[in-house]
Amino acid sequence: MSTDRTHNADRRHLLGLMAALGAGAFVPSLARAQAWPSKTIRLVVPFAPGGSSEIVARSTAAELTKLLGVSVFVENKPGGAGNIAMGEVARADDNHTLILGHIGTLAVNPYIFAKLPYDPNKDFRPISLLSKVPSLYVVHPDVPAKNLKEFVALAKNKPGKLNYGSAGNGSAGHLAFEYLKATTGTFITHVPYRGSGPQITDLLSGRLDAAAIGAPAILQFIKTGKVRCIATGTAQRIPQLPDVPTVAEQGYPGFEMTQWYGLLAPASLPQPAAAKLADVTVKAVKSPASVERLSADAALVAGSTPEEFSRFIAAEQQRWKPIVARAGIKPD
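What you see is a predicted model; the values in this text were computed from it and never measured. (Residues numbered from 1 in each chain as written. Predicted model: local features only at pLDDT ≥ 70, side-chain atom pairs only at ≥ 80, totals over all residues. Heavy atoms only, no water.)

**Q** With reference to specific residues and values, describe the overall build of the protein.
**A** From N to C terminus, the protein includes 11 helices and 10 strands. Burial analysis of the protein (332 residues in total) assigns 52% to the buried set. For the protein, long-range pairs separated by at least 24 residues make up 78% of all intrachain contacts whose partners lie at least 6 apart in sequence. (Helix = DSSP H or I, 4+ residues; strand = E, 2+ residues; numbered from the N terminus. Buried < 20%, exposed > 50% of the residue type's maximum accessible area, 1.4 Å probe, protein only. Contact = heavy atoms within 4.5 Å.)

Structure follows, in structure tokens:
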């Protein structure tokens, strides 16, 4: 009996020691997650101010600031179709730098550029899909086309004479219009800019004939009559423009084009901090204030898990790879 009692005591001691060691390994990890963030967070937007990306980023940053208890500030860093900012953030190791991911930088640039300063699938931790933004096809009021049918007829009658602007090669607006050109069989000259802001300025002034722009950035100008919306890229009409038919409704069934934005962290961000950020980001995006702010601009609120966002990126890469090849999109 004495031997059995000794054996049981030794076993209990061993189990206790293992539990203590396990807890010891867990506590620092938990402490790191609870301690993060410890300073101001920088959210980099890889495009110029004035576009849909900035609207989504600032809305998210405002809510994250409330929930995390530290300031989250937005920094615009345009250039190189988003590659410059993506490359910089991929190498950031301060654990307090994030970036706004985008259809162009994550799903298109890998198939446009022979070499990138970042690997979209290895250098980042997907945190959450933030928002999907309807692409609106607009023209300057001087363009004699009241709808898509008239615009296509005009473009076919004057091949190459009409132009359209975008925020740059590989940008969402570039993709959206090339997709429309391929679908309608038209030739319209592309004029790339360094961001949506300068592009919109030239569209309003009449230097550009047309563009495909995310709803948040252009909706106010449509409502005031400074540009005319001839079609939406959504599957259904949007509530903000109930009288504007979709591309699909105007003779091109199955056509759909939306931009999207998500939050990414460098791969170096520790998993406990990434998990905390993912949880807080979903709450931020789905907060009443964020929903109201984004919905007012016709942006669709998402909010996903890292795993869901990762699968979404992979699906978008497979979707756009053949479209980019077919359109022959090349870097500047």
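**Q** Any details on the nonpolar core? Residues and values, ideally.
**A** Residues Ile 103, Tyr 137, Phe 151, Phe 177, Met 257, Trp 260 and Trp 320 are the most contacted members of the largest nonpolar core, which totals 52 residues. Other than its neighbours up to four places away in sequence, Phe 151 contacts Val 139, Val 143, Ala 145, Leu 162, Phe 177, Ile 188, Ala 210 and Ile 230. In this structure, Leu 43, Leu 263, Leu 269 and Ala 274 belong to the second largest nonpolar core, which totals 31 residues. (Core = buried A, V, L, I, M, F, W, Y, C linked by side-chain atoms within 4.5 Å.)

**Q** Pulling in residues and values, what's your account of helix α11 (residues 306–327)?
**A** In this model α11 runs 31 Å from its N-terminal to its C-terminal C-alpha over 22 residues, within 8% of the 32 Å that 1.5 Å per residue would give. The largest bend along α11 measures about 30° and falls at Trp 320, with the proline Pro 322 one to four residues further on. Buried residues along α11 sit against α4 (103–112), β4 (124–139), α6 (172–184) and β9 (258–266). Remark: Gly 328 follows α11 within two positions and exhibits a positive phi of approximately 65°. (Expected span 1.5 Å × (residues − 1). Bend = angle between axes of the 7 residues up to and from the residue.)

**Q** Describe unusual backbone geometry, and please don't skip the residues or the numbers.
**A** Trp 36 connects to Pro 37 through a cis peptide bond whose omega is -5°. Inspection of the secondary structure puts Pro 37 in the loop between α1 (2–35) and β1 (41–45). The phi dihedral of Ala 298 falls on the positive side, at around 70°, and the residue is not glycine. Assignment of secondary structure puts Ala 298 in the loop between α10 (288–296) and β10 (300–301). When its relative accessible area of 5% is taken as the criterion, Ala 298 is described as buried.

**Q** Describe the packing of helix α7 (residues 196–205) against helix α8 (residues 215–223), listing the residues and the values that go with them.
**A** Across the interface, α7 lies against α8 with an axial gap of 12 Å and an inter-helix angle of 20°. The angle between the axes of α7 and α8 places the two elements in the roughly parallel class. For α7 against α8, the interelement crossing comes out right-handed. Where α7 abuts α8, its residues Ile 200, Leu 203 and Leu 204 lie against Ala 217, Ile 218 and Phe 221. Residues of the contact of α7 with α8, tallied by class, amount to six nonpolar, no polar and no charged. (Axes fitted to C-alpha atoms, helices over the stretch in contact; angles between N-to-C directions. Parallel < 35°, antiparallel > 145°, perpendicular 65-115°, else oblique. Left-handed = near helix turned anticlockwise from the far one by under 90°. Nonpolar A, V, L, I, M, F, W, Y, C, P; charged D, E, K, R; others polar.)

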